[in-house]
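# Summary of structural features
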Amino acid sequence: MTYVEDELNSQPECWTRAAEEAARHTAALPATGERVAIVGCGTSYFMAQSAAALREDAGRGETDAFTASEFPRGRSYDRVVALTRSGTTTEVLELLAELRGRTRTVAVTADPDTPVMATTGDVVVLDFADERSVVQTRFATTALTLFRAHLGLHTDAVVADARAALAAELPEGLVERSQFTFLGRGWTVGLANEAGLKMREASLSWTEAYPAMEYRHGPISISTVGTATWMFGEAPEGLAGQVRATGALWVPGELDPLAELVRAQRLAVAVAAARGLDPDRPRHLARSVILAP
């Protein structure tokens, strides 16, 4: 078993622990009414998108998501939250250092022995969700579970769905598809983006991701018999039929959307295996992007 397989299979236990520990991190996580930005790079940026949408939809306050490199320096926030598994990503460290002393910052990380500990005001360490693999799975979803629990949006049913996602067979014919499109709405747009990234990283697949209502505004034109279109959450009315009419395989989101991401992670590993690729050694990638001075 690869590192990434072992780590993605441990997600139900990681989510349960994150939900149990959320209460003791209340002071570090955004308070109701604060204007908040959540930043990250790669996978962490997509989790930031989902967390920001969840918080704002819950009425907890205006919440934006940015890649660390594109953070708008001219805006004012009460708190900036950085998601960083490694605690070493150059863009994140530079932004936190720049904000220190004028904006409250918090880092959610997996490793307490990294430079991020000295560049931020508050730290939440999820070391039980750390990973050896380059391809992120459990840290990202555990960090998002922490936010869901903090917002009162996590339930035991989410963990049950994650176990179901690990146990069930993938849809017949899915692994053999040549192109994969992931769709989301609201907070699940970030999950759709992350599913596409997992497929690119682990299996070198041709993937795209869109807000579901945007799919009919051009992207559906590429759908054909070799395409799989996967919906995270409830689909817009009529979209499933329109996708099937192109000849594409429609994959409905039947589980909690975060558990659907677990299914997509499994797909990425399965496609990699079918193509003779090692998902623990993705092409041109490293576990953290550390830029030379």
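These remarks concern the structure in this document. (Residues numbered from 1 in each chain as written. Predicted model: local features only at pLDDT ≥ 70, side-chain atom pairs only at ≥ 80, totals over all residues. Heavy atoms only, no water.)

The subject of this paragraph is the sheet that holds strand 5 (residues 122-125). The parallel open sheet is built from 5 strands, whose spatial order is 2-1-3-4-5. The open sheet is flanked by strand 2 (63-67) and strand 5, the only strands paired with a single partner. Pairwise comparison of adjacent strand axes, ignoring direction, gives a mean angle of 20 degrees for this sheet. Pairing of strand 1 (residues 36-40) with strand 3 (residues 79-84), which is carried by 4 bridges, proceeds in the parallel orientation. Counterpart to I38 in the pairing with strand 3 is V81. (Pairing = 2+ DSSP bridges. Helix = DSSP H or I, 4+ residues; strand = E, 2+ residues; numbered from the N terminus. Axes fitted to C-alpha atoms, helices over the stretch in contact; angles between N-to-C directions.)

Let us look at the side chain of S133. Among the structural elements, S133 can be located in the loop between strand 5 and helix 5 (138-150). Of the polar contacts made by the side chain of S133, one reaches the side chain of E7; its length is 2.5 Å. Beyond its immediate sequence surroundings of up to four residues, S133 is in contact with Y3, V4, E7, R85, D280 and R287. (Polar contact = N/O pair within 3.5 Å; in protein donor to acceptor, adjacent residues only side chain to side chain. Contact = heavy atoms within 4.5 Å.)

Our focus in this paragraph is the pattern of salt bridges. Across all of its chains, the model carries 15 salt bridges by this definition. Among the ionic pairs, R163 bridges to E13, the shortest N-O distance being 3.0 Å. In this pair, R163 is assigned in helix 6 (residues 156-167) and E13 in helix 2 (residues 11-21), connecting sequence segments 150 residues apart. Residue classification places E13 among the partly exposed residues on the basis of a relative accessible area of 43%. Here E98 and R102 are joined by a salt bridge, their closest N and O atoms 3.5 Å apart. Taking the relative accessible area as the measure of exposure, E98 reaches 34% and is therefore partly exposed. Bridged by salt links that share partners, the residues R17, E21 and R24 form one connected network. (Salt bridge = Lys/Arg side-chain N within 4 Å of Asp/Glu carboxyl O. Buried < 20%, exposed > 50% of the residue type's maximum accessible area, 1.4 Å probe, protein only.)

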